[in-house]
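Each chain is listed here by its residues.
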Amino acid sequence: MARRIDVTGADGVRLAAWEFGDPAKAGPDPGEAAAPDAPGVLLLHGLMGRASHWASTARRLSARHRAVALDQRGHGRSEKPPEGAFTRDAYVDDAEAALEQLGLGPAVLIGHAMGALTAWQLAAKRPDLVRGLVISDMRASALGGASQREWAEWFMSWPVPFATLADVRKWFGEDDPWVERPNPARGEFYAEVMAESPDGWRPVFDPGQMLRSRETWVHDAHWEELAQVRCPALVVRGLDGELGRAEAQEMVRVLPRGRYAEVADAGHLIHYDQPEAWLAAIEPFLDSLDGE
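Residues numbered from 1 in each chain as written. Predicted model: local features only at pLDDT ≥ 70, side-chain atom pairs only at ≥ 80, totals over all residues. Heavy atoms only, no water.

1. With respect to the overall build of the protein chain
Here comes step 1: A count of helices and strands for the protein chain gives 11 helices and 10 strands.
Here comes step 2: In terms of C-alpha radius of gyration, the protein chain reaches 18 Å, essentially the compact-globule figure of 19 Å for 292 residues.
Here comes step 3: The dimensions of the protein chain, computed from C-alpha atoms along their principal axes, are 50 × 45 × 40 Å.
Here comes step 4: Burial status across the protein chain gives 54% buried among its 292 residues.
Here comes step 5: In the protein chain, of all internal contacts separated by at least 6 residues, the share reaching a separation of at least 24 is 72%.
Here comes step 6: Counting every atom, the protein chain has about 12300 Å² of accessible surface; 50% of that belongs to carbon and sulfur. (Helix = DSSP H or I, 4+ residues; strand = E, 2+ residues; numbered from the N terminus. Rg over C-alpha atoms; globule rule 2.2 N^0.38 Å. Buried < 20%, exposed > 50% of the residue type's maximum accessible area, 1.4 Å probe, protein only. Contact = heavy atoms within 4.5 Å. Areas by Shrake-Rupley, 256 points an atom, 1.4 Å probe, with all protein chains shown as cover.)

The following block contains the structure:
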């Protein structure tokens, strides 16, 4: 189950946070969730994602942690102001506000892709609020303008509206030109960010806002903020993901307390491609933090 908690982000933007629990397994006794004073975990999805993408991870962690996932601005059920700020500062300030308003800090931040960048920028800015960091498949190097143009063209290629969710799963899992081989997990991932409209299924986000969000970080490298992270940090990469081994290991070297893990048979969406192997990679790290 997940309980919605409203958060006020930067500039008054309304954000939806979701506290997860699994009554069948959580807590010291059957039917009990983790204690309110349990260590906090804030999960941050990537570009186009939503809090529900973390459901299986958050439920697993909820037995020993307060596990909260945030719909970031422009995503999921959070506000999508047409003229709102989609800058790095806005995303970081939103996550900071969530930690403070929910009383989660000092918390472990678990971020995927763009959410990982937000996590390590917040850890650098507010070390008092972050006691651990998990970076899932996010590069610290600049991606460049060509990458932004490719994304704009990719959004234009989407055959929206989709007639059915099955069509969504098939296109993103098989027919999308960015798919090298059939990937049902990728289809499921994108089905989660679609909503039914009168003419079919469309994304719950505005692709233009996604490009505006991405524009604020693809041209810059982020090594400096990475070096400012003082808490223990785990860099996780899928062997077939976007983060190469050499760059991942350099990120670990730059992080003052960096550690490294990789997941076989996983691409960019590690927690969807190999959910059990993903958990096996991060749980020992979380356990080590609890022992400090």
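2. Quick notes on the nonpolar core
Here comes step 1: Formed by 67 residues in total, the largest nonpolar core has its most connected members in Leu42, Met48, Trp120, Leu133, Ile135 and Trp158.
Here comes step 2: Contact partners of leucine 42, with chain neighbours within four places excluded, come to Val68, Leu70, Ala95, Ala98, Leu99, Leu104, Val108, Leu109 and Ile110.
Here comes step 3: One finds Leu43, Ala67, Val108 and Trp278 within the second-largest nonpolar core, a separate group that totals 28 residues. (Core = buried A, V, L, I, M, F, W, Y, C linked by side-chain atoms within 4.5 Å.)

3. Thoughts on the pairing of strand β9 (residues 233–238)
Note on strand geometry: in a regular strand, side chains alternate between the two faces of the sheet.
Here comes step 1: Taken across its 6 residues, β9 has 6 buried, putting it largely inside the fold.
Here comes step 2: Note: strand β6 (residues 130–136) against β9, 4 bridges, orientation parallel. Each residue of the ladder has a partner; that of valine 134, found in β9, is leucine 234.
Here comes step 3: Bridge count between β9 and strand β10 (residues 258–263): 6 bridges; the pairing is parallel. (Pairing = 2+ DSSP bridges.)

4. Observations concerning the pattern of salt bridges
Here comes step 1: Summed over all chains, the structure comprises 22 salt bridges.
Here comes step 2: Here arginine 3 makes a salt bridge to glutamate 19, at a shortest N to O gap of 2.8 Å. Taken together, the residues arginine 3 in strand β1 (residues 2–8) and glutamate 19 in strand β2 (residues 14–20) connect sequence positions 16 residues apart.
Here comes step 3: By relative accessible area, which is 16% here, glutamate 19 ends up buried.
Here comes step 4: In this structure, glutamate 262 engages arginine 245 in a salt bridge whose closest nitrogen and oxygen atoms are separated by 3.1 Å. (Salt bridge = Lys/Arg side-chain N within 4 Å of Asp/Glu carboxyl O.)

5. Focus: the side chain of serine 136
Here comes step 1: With respect to the helices, strands and loops of the structure, serine 136 is situated in strand β6.
Here comes step 2: Look at serine 136 and you get buried, because its relative accessible area is 0%.
Here comes step 3: Setting aside residues no more than four positions away along its own chain, serine 136 makes contact with Gly111, His112, Ala113, Ala116, Val236, Ile270 and Trp278.

6. Concerning the layout of surface pockets
Here comes step 1: What the largest pocket holds in volume is close to 1100 Å³.
Here comes step 2: Considering the residues around the largest pocket, the lining is formed by 35 residues, among which Trp178, Arg186, Asp240, Glu242 and His268 are closest to the centre.
Here comes step 3: Put simply, the parts of the chain that give the lining of the largest pocket at least two residues each are α4 (145–157) and α6 (184–191).
Here comes step 4: With 4 residues, α4 is the largest single contributor of residues to the lining of the largest pocket.
Here comes step 5: Grouping the constituent residues of the lining of the largest pocket by class yields 17 nonpolar, 7 polar and 11 charged. (1 Å grid on protein atoms, 1.4 Å probe; cavity = no way out; pocket = protein on both sides within 12 Å on 5 of 7 lines; lining within 4 Å. Points joined across faces, edges and corners; volume = space filled by probe spheres on them. Nonpolar A, V, L, I, M, F, W, Y, C, P; charged D, E, K, R; others polar.)

7. A short note on the environment of proline 182
Here comes step 1: When you line up the elements, proline 182 lands in the loop between α5 (165–175) and α6.
Here comes step 2: Residues contacting proline 182, with those up to four places away along its chain left out, are Gly173 and Glu174.

8. Considerations on helix α9 (residues 245–254)
Here comes step 1: Taken together, the buried positions of α9 are occupied by Glu247, Ala248, Met251, Val252 and Val254. Along α9, the residues classed as buried sweep out an arc of 165° about the axis, all on the same side. Within α9, the exposed residues directed more than 90 degrees away from the buried face are Ala246 and Arg253.
Here comes step 2: Packing partners of the buried residues in α9 comprise α3 (114–125), β6, α8 (223–227), β9 and β10. (Arc of directions from axis to C-beta.)

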